[in-house]
Structure formats: C-alpha cells, structure tokens
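Here is what each chain is made of, one letter per residue.
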Amino acid sequence: MPKVFIERENKHVEVKASTVKEILIKLKINPEVVIISKNNELVTEDAKVSETDEIKLLSVISGG
Amino acid sequence: MPCNNCLKKPVIKLTNSNVSLCKKHFIHYFEKKVKKTIRMFNLLEKGDKIGVALSGGKDSFTVLSILKQFSDKNVIQLEALAIDEGIKSYRELSNAEKFCKKNKIKLHILRYEDFFNYSLDKMVKKFRNKTPCSFCGVFRRYLLNHGSKKFKFDKLATGHNLDDESQSILMNQFRNNPEVSARLGPITGVMIDERFIRRIKPLYFVTEKETTAYSFIKGFPVEYSECPYASFGYRNSVRDMLNEFESKYPGTRHSIINSFIKILPSLKEQFKESKALSSCKLCGEPTSKETCQACEYIKELKN
C-alpha cells in the first residue's frame with residue numbers, strides 16, 4: 001500500500017488505492033484543501049499510485 | 001488528463017476551468033495572472049517604493065518573489081517588512097531573513113516586544129479574557145502601517161489571495177457589514193488618506209491552492225506550522241463551507257470575486273465620506289474614536 005503523509009495532521013498512513021483521487025476519497029479529504037506530491041513531484045488527482053510511491057498531502061491552508 | 005498546452009504530465013488541475021497544466025505552463029499561467037492583476041488595477045506605478053508584508057508563509061514569499069521581477073527591471077524599489085509578534089516555537093523569521101539576504105532584498109523586522117514592551121506570549125497571559133487574534137490583529141495592523149510610513153513605502157503588498165478575499169466578502173455579507181467590504185479589493189481603502197499606507201493584493205485572482213503549488217515548485221522555504229493561539233472560528237466555518245461548495249460547484253469563489261469587483265466602485269462611492277477619521281490623541285494614527293484601539297490595549301497592558 002502506498003504511504004501517505006498528511007501534513008496538516010503531521011502523520012503517516014497507509015491507504016489501499018490505485019489513484020490519488022481514491023486516496024482522497026478514502027481519507028475524506030476535500031481536494032480543494034491540499035496539493036499532492038508523489039515522490040516529491042506535484043501531481044493531479046488523476047495520477048496513478050503504486051506500492052512504493054511516497055505520497056504527501058500538503059495543506060493549502062496556512063496555520064494562522 | 002495531460003497538460004492542455006503541451007501534453008506533458010500535469011501538476012495541477014484548475015478548479016474553475018477544467019484545465020490541467022504542466023510545471024512550465026502553470027508557472028507561466030500563474031505569473032501572467034498576477035501581472036495582469038497588477039496592470040489592470042494599477043497596483044504598481046513606476047518609481048514606487050513597495051514594501052512586502054513578509055510572514056515567511058507561501059503567500060508572502062510568492063508576492064515578494066514576483067515583485068522582485070519588477071524591481072530587477074527598475075520599475076519599483078522593493079523592501080520587506082516582517083512583524084515578530086513573539087510567539088515561541090511559531091514565529092520563525094530565519095527563513096525570511098535568509099531568503100531576503102540571498103535575493104538582496106532589505107528586510108525590516110518590527111517586534112511587539114520593542115514597541116509594546118510585551119511579546120504576544122506575555123500579552124496572552126495579561127489579557128486572559130480576550131481572544132488572542134483580536135488584539136494581535138490590532139497590533140499587527142498598527143505596526144504594518146507604522147513601519148510602512150517609517151520606511152517610506154508608497155504601498156504595502158500583502159499575500160491575500162482569492163480564497164481569503166472571497167471568505168471576507170461572504171463574512172461581511174453574512175454580518176451585514178457592507179462598509180467593511182468597501183475597503184476590500186485589489187487595492188484597499190475607500191479614499192486616499194496619507195495616514196494610511198494603501199495595501200495592494202497582487203494575488204487577488206489566484207487561489208490558495210495555486211499559490212501553494214507555485215510556492216512548492218519554486219522551492220520557497222515554507223514549513224507548515226499552526227499558530228498556537230489560532231482561533232478564527234467564524235472564518236474557518238465560512239472557508240470550509242466555501243471549499244465544500246467549490247468542490248461541488250467549481251468556479252464558485254471566482255464568481256464571488258468577479259461579481260464583487262463589479263459592485264466595488266459603487267460600494268466605495270457610497271461609503272466614501274461615511275466615516276471621517278480623526279487622529280489618535282496619543283499616537284496620531286487614524287481612528288474613529290479619540291484614541292486608537294492599539295493605544296487602548298497598550299493602556300490596559302500597563303495597568
């Protein structure tokens with residue numbers, strides 16, 4: 001399962017999914033509030049993900 | 001879906017137009033949009049001395065970096081102004097200092113502790129019955145205006161983006177505050193008042209998501225951290241509602257901004273003379289009362 005880092009919560013989770021879109025749906029994250037990096041490159045929700053990919057969900061909302 | 005312009009791998013899908021863009025075309029799109037805003041609303045005039053309110057976040061680095069392109073061409077003079085509230089383990093300006101040094105931009109830092117004798121951490125202990133954001137906001141705006149005058153800025157550029165502004169418009173609407181909305185827009189204020197340095201918002205038409213993507217691609221030294229005192233409950237609710245709406249009905253935020261821009265001239269006209277401001281008897285800053293809110297708080301701090 002791809003490893004997913006959720007920046008806003010500062011935690012790592014593993015999510016069974018084949019696309020970024022599926023990850024967001026499973027984690028109930030609105031795509032409006034994150035940008036997504038796959039192996040440190042920005043990707044869109046349509047991007048495919050594999051077991052070895054490192055996915056980061058970076059918060060677009062500033063912290064105050 | 002590949003990049004609409006060159007078929008390369010996309011880095012972002014623009015929510016309001018269903019367009020996907022690769023890194024190169026996204027940077028081009030973003031900068032073009034910001035420069036168009038600057039041109040359309042005359043945010044910069046040749047020879048202006050512009051200060052950028054630098055917090056060390058993605059928005060202010062983005063503004064600073066794009067305005068640097070104008071100062072490199074000698075269109076404007078550019079400096080940065082950072083406010084250090086004194087929040088332990090949150091307000092960290094070393095990245096801002098390094099960035100400015102590397103890019104040869106003069107950075108001024110004004111500290112709560114130096115001006116008000118109290119850091120925000122100390123103020124919070126003193127003002128136990130007040131929300132930190134309420135007095136912190138007053139002091140920050142006070143220092144930004146004070147600093148802008150001190151360093152002789154013609155205008156102060158801030159990192160407000162389309163998301164921030166659409167939230168503010170709705171909040172004012174919900175709270176029946178059209179007069180406050182009249183002060184919004186890509187260039188703030190309803191009339192010229194030399195006691196107020198006008199604020200400009202070059203990121204007015206780009207979204208928070210686009211700005212985050214731009215900042216990521218450019219490699220600005222931004223780290224996510226949350227202010228320990230953050231408590232913007234009402235804005236949070238409006239933001240969440242808008243984001244929810246945006247994902248269901250793409251283009252909602254753009255529509256709010258575009259319709260607001262159409263009515264803004266009449267709003268400004270309507271509220272032009274509704275509130276003539278006097279000068280604070282203690283510090284001279286503009287205020288609607290005898291003493292400004294910052295001086296009121298300072299008095300309370302001394303007691």
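Residues numbered from 1 in each chain as written. Chains lettered and ligands numbered in written order. Predicted model: local features only at pLDDT ≥ 70, side-chain atom pairs only at ≥ 80, totals over all residues.

(A) Quick look at the overall build of chain B. Tallying secondary structure elements over chain B gives 12 helices and 9 strands in all. A globule of 303 residues ought to have a C-alpha radius of gyration of about 19 Å, and chain B, at 20 Å, matches this closely. Along the longest, intermediate and shortest principal axes, the C-alpha atoms of chain B span 65 × 45 × 40 Å. When burial is assessed residue by residue, chain B has 36% of its 303 residues classed as buried. (Helix = DSSP H or I, 4+ residues; strand = E, 2+ residues; numbered from the N terminus. Rg over C-alpha atoms; globule rule 2.2 N^0.38 Å. Buried ≥ 20, exposed ≤ 12 C-beta atoms within 10 Å, placed from the backbone.)

(B) Seen up close, the sheet that holds strand β6 (residues 155–157) of chain B. Residue and element names in this part refer to chain B. As summarised here, the arrangement of the 5 strands in space is β5-β4-β3-β6-β7, forming an open sheet in which the pairing is parallel. Lying at the two open borders of the sheet, with one neighbouring strand each, are β5 (106–111) and β7 (198–200). Between one strand axis and the next, the sheet turns through 30° on average, direction left out of account. As judged from the 5 bridges shared by strand β3 (residues 49–53) and strand β4 (residues 77–84), these two strands associate in the parallel manner. Bridge pairing in β4 links I50 to L78. Running over the sheet, helix α2 (residues 58–72) touches β3, β4 and β6 and is turned about 160° from β3. (Pairing = 2+ DSSP bridges. Axes fitted to C-alpha atoms, helices over the stretch in contact; angles between N-to-C directions. Contact = placed C-beta atoms within 7 Å.)

(C) View of the nonpolar core. All names here are of chain B. Residues V52 and L67 are the most contacted members of the largest nonpolar core, which totals 73 residues. No other element matches the 6 residues that helix α6 (residues 132–150) contributes to this core. In contact with L67, not counting residues within four places along its chain, are I50, V52, I76, L78, A157 and P202. (Core = buried A, V, L, I, M, F, W, Y, C linked by C-beta atoms within 7 Å.)

(D) Inspection of the confidence of the model for chain B at higher detail. All names here are of chain B. The pLDDT averaged across chain B works out to 92; a share of 97% of its residues lies at or above 70. Strand β9 (residues 286–287) is the least confidently modelled element of chain B, averaging 84 in pLDDT, while β3 averages 98, the highest of any element. Both scores are given for the predicted complex: the pTM is 0.93, the ipTM 0.95. (pLDDT = per-residue confidence, 0-100.)

(E) Main features of helix α10 (residues 233–248) of chain B. Residue and element names in this part refer to chain B. Helix length check: α10 (16 residues) gives 23 Å between terminal C-alpha atoms against 22 Å at 1.5 Å per residue, within 8%. Three or more residues of α10 are buried, namely R239, N243 and E246. All buried residues of α10 lie within an arc of 60° about the axis, which places them on one face of the element. Opposite the buried face of α10, at more than 90 degrees from it, the exposed residues are G233, Y234, M241 and K248. (Expected span 1.5 Å × (residues − 1). Arc of directions from axis to C-beta.)

(F) Fine view of the interface of chain A and chain B. Listed as interface residues are 18 residues of chain A and, on the opposing side, 23 residues of chain B. Of all the secondary structure elements, the ones that give two or more residues to the side of chain A that touches chain B are β4 (41–43) and β5 (54–59) of chain A. Classifying every residue of the side of chain A that touches chain B by side-chain character gives 8 nonpolar, 6 polar and 4 charged. (Nonpolar A, V, L, I, M, F, W, Y, C, P; charged D, E, K, R; others polar.)

(G) Broad picture of the sheet that holds β4 of chain A. Pairing is mixed in the open sheet, where 5 strands are placed in the order β2-β1-β5-β3-β4 (chain A). Single-partner strands in this sheet number two, and they are β2 (11–14) and β4 of chain A. The mean inter-strand angle of the sheet, taken between neighbouring strand axes irrespective of direction, is 30°. As paired elements, strand β1 (residues 3–6) of chain A and β5 of chain A share 4 bridges and run parallel to each other. Following the sheet pairing, F5 of chain A is matched in β5 of chain A by K56 of chain A. Contacts from helix α9 (residues 208–218) of chain B reach β3 (34–38), β4 and β5 of chain A within the one sheet, and its direction differs from that of β3 of chain A by about 35°.

(H) Expanded view of the pairing of β4 of chain B. Residue and element names in this part refer to chain B. The buried count for β4 comes to 6 of 8 residues, which makes it a mostly enclosed element. As a crossover connection, the stretch from β3 through α2 into β4 is right-handed. As defined by bridge partners, β4 adjoins β5 across 6 bridges and the pair is classed as parallel. Across the sheet, the residue bridging to A82 is I109, located in β5. Read from β4 through helix α3 (residues 94–102) to β5, the crossover connection turns out right-handed. (Right-handed = clockwise from strand over helix to strand, strands pointing away.)

(I) Quick look at the environment of V34 of chain A. Among the structural elements, V34 of chain A can be located in strand β3. Among residues more than four places away in sequence, those in contact with V34 of chain A are I29, L57, L58, S59 and V60 of chain A.

(J) Summary view of unusual backbone geometry. All names here are of chain B. Of note, the phi angle at N42 is positive, near 50°, even though the residue is not glycine. We classify N42 as exposed; it has 10 C-beta atoms within 10 Å. In this structure, K152 is a non-glycine residue whose phi angle is positive, near 60°. Positionally, K152 belongs in the loop between α6 and β6. Taking the C-beta count within 10 Å as the criterion, K152 has 11 such neighbours and is therefore assigned exposed.

(K) Expanded view of α9 of chain B. Residues and elements named next belong to chain B. The buried count for α9 comes to 9 of 11 residues, which makes it a mostly enclosed element. Buried within α9 are the following residues: E208, K209, E210, T211, T212, A213, Y214, S215 and F216. At the exit of α9 stands G219, carrying a positive phi of roughly 70°.

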